[in-house]
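Summary of the model geometry
In case you want the letters, here they are:
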Amino acid sequence: MEDNKIIDLYWQRSEAAIAETEGKYGAYCHSIARNILQSREDAEECVNDTWLKAWNSMPEQRPGCLMAFLGKIVRNLSLDRYRKGHAQKRGEGETALVLTELEDCLSASGSAEQAVEEQLLTECIDRFLGELTRQKRVLFVRRYWYLDPVSEIAQSCGQSENAVTLTLFRLRRKLRVYLEKEGFQL
């Protein structure tokens, strides 16, 4: 079913919307949640919470891209669950590793007054990504948005893990310089 038809089902408050969403985007959302949480059970709960959040937010907004809308919801819910589960310690796995990799580039936000700066940072990162080659952008997004393991990225791109790791290191360094040039204090 096309996305606009699924969105119409949400707007009509038809329960078929959730079944159609699960059928079309279930594997996608589960993949994001599993990459972050490293737990099938926790991922399942986050995906179910995603359907509920989509159900509750759809009458107020009509997403332009349903896949991105759902991806953002499941990613944020999964990261929140991850943070709650690892509040006292840095767990093992991809999420902790990815967060550690990006520590030098991005400062943590915790207050409402940083909302404007976060928006500016988001726009700046978007510009940075727009200047990268398609291949480098794919590597960056797969690692730092989808939290894909380096081994999976390397295999799908036909590169060695060392080559992917080195490229990601260089991209993080380039991002840091770019952000500092744009006036962000890191």
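Residues numbered from 1 in each chain as written. Predicted model: local features only at pLDDT ≥ 70, side-chain atom pairs only at ≥ 80, totals over all residues. Heavy atoms only, no water.

Focus: the overall build of the chain
Heads up, the condition is: Counting from the N terminus, the helices are the DSSP runs of H or I reaching at least four residues and the strands are the DSSP runs of E reaching at least two. We call a residue buried when its accessible area falls under 20% of the maximum for its residue type, exposed when it is over 50%, and partly exposed in between, using a 1.4 Å probe and counting protein chains only. Residues are treated as being in contact if the distance between any of their heavy atoms lies within 4.5 Å.
The helix and strand tally for the chain stands at 9 helices and 0 strands. Along the chain, helices and strands appear, N-terminal first, in the series α-α-α-α-α-α-α-α-α. A burial count over the chain gives 39% of its 186 residues as buried. Counting only contacts in the chain whose residues sit at least 6 apart along the sequence, the fraction spanning at least 24 positions is 62%.

Here's the deal with the environment of Leu175
You can see Leu175 is positioned in helix α9 (residues 161–181). Since its relative accessible area comes to 1%, Leu175 is described here as buried. For the pair Leu175 and Ile125, spaced 50 residues apart in the sequence, the C-alpha separation amounts to 7.8 Å.

Examining the packing of aromatic side chains
Heads up, the condition is: Working definition: rings of Phe, Tyr and Trp (its six-membered ring) pair if their centres are within 6.5 Å, and the pair is stacked with planes under 30 degrees apart, edge-to-face with planes over 60 apart, and tilted otherwise. Note on geometry: a ring has a charge over it if NZ (lysine) or CZ (arginine) is within 6 Å of the ring centre and within 35 degrees of the ring normal.
Counting across every chain of the model gives 6 aromatic pairs. Between the aromatic rings of Phe128 and Tyr178, the centroid separation amounts to 5.5 Å while the plane-to-plane angle is 55°, which identifies the pairing as tilted. With Phe128 in helix α6 (residues 115–130) and Tyr178 in helix α9, this pair connects stretches of sequence that are 50 residues apart. Like Tyr178, Phe128 is buried. The positively charged end of Arg13 is found above the aromatic ring belonging to Trp55, 4.1 Å away from the centroid.

So, the pattern of salt bridges
Operational definition: Should a side-chain nitrogen of Lys or Arg be within 4 Å of a carboxyl oxygen of Asp or Glu, the pair is scored as a salt bridge.
Within the structure shown, the criterion is met by 9 salt bridges. With a closest N to O distance of 2.9 Å, Arg81 and Glu45 form a salt bridge. Of the two residues, Arg81 is situated in helix α4 (residues 66–85) and Glu45 in helix α3 (residues 40–57); the sequence distance between them amounts to 36 residues. For Arg81, a relative accessible area of 25% translates into the label partly exposed. Here Arg142 makes a salt bridge to Asp148, at a shortest N to O gap of 2.8 Å. Each of the two residues, Arg142 as well as Asp148, counts as buried. What emerges from the salt-bridge pattern is a single network uniting Asp42, Glu45 and Arg81.

Quick notes on the packing of α3 against α4
Formally: Axis definition: a line fitted to C-alpha atoms, limited for helices to the stretch in contact. Angles are taken between N-to-C directions and run from 0 to 180 degrees. Roughly parallel means an angle under 35 degrees; roughly antiparallel, over 145; roughly perpendicular, 65 to 115; everything else is oblique. By the definition used in this description, the sense in which the near helix is turned from the far one sets the handedness, with an anticlockwise turn below a right angle giving left-handed and a clockwise turn giving right-handed.
Orientation of α3 relative to α4, taken along the N-to-C sense of each, is 130°, at an axis distance of 9 Å. Our classification of the angle between α3 and α4 gives oblique. Crossing angle aside, the handedness with which α3 passes α4 is right-handed. The residues of α4 that touch α3, namely those facing Asp42, Glu45, Cys46, Val47, Asp49, Thr50, Trp51, Lys53, Ala54 and Ser57, are Phe69, Leu70, Ile73, Val74, Leu77, Ser78 and Arg81.

Description of a positive patch on the surface
Using the following cut-off: Patch membership requires more than 30% relative accessible area and the absence of a salt bridge. Residues of like charge join within 9 Å; the nonpolar side chains Val, Leu, Ile, Met, Phe, Trp and Tyr join within 5 Å. The Shrake-Rupley method, run with a 1.4 Å probe, gives the accessible areas here. Residue values count only the displayed protein chains as cover. When charges are counted, Lys and Arg are positive and Asp and Glu negative, with His and the chain ends excluded. Just so you know, the charge point we use is NZ for Lys, CZ for Arg, CG for Asp and CD for Glu.
A contiguous patch of positive charge, built from Lys136, Arg170, Arg173 and Lys174, is present on the exposed surface. Of the residues forming the positive patch, the biggest block, 3 residues, is contributed by α9. Relative to the helices and strands, Lys136 resides in helix α7 (residues 134–144).

Points about the nonpolar core
Selection rule: The nonpolar core is taken to be a set of buried Ala, Val, Leu, Ile, Met, Phe, Trp, Tyr and Cys residues, with the residues joined through side-chain atoms within 4.5 Å.
Counting residues in hydrophobic clusters, the biggest one holds 28 residues, and the most contacted among them are Cys29, Leu66 and Leu70. Setting aside residues up to four positions removed in sequence, Leu66 forms contacts with Asp3, Ile6, Ile7, Tyr25 and Met58.

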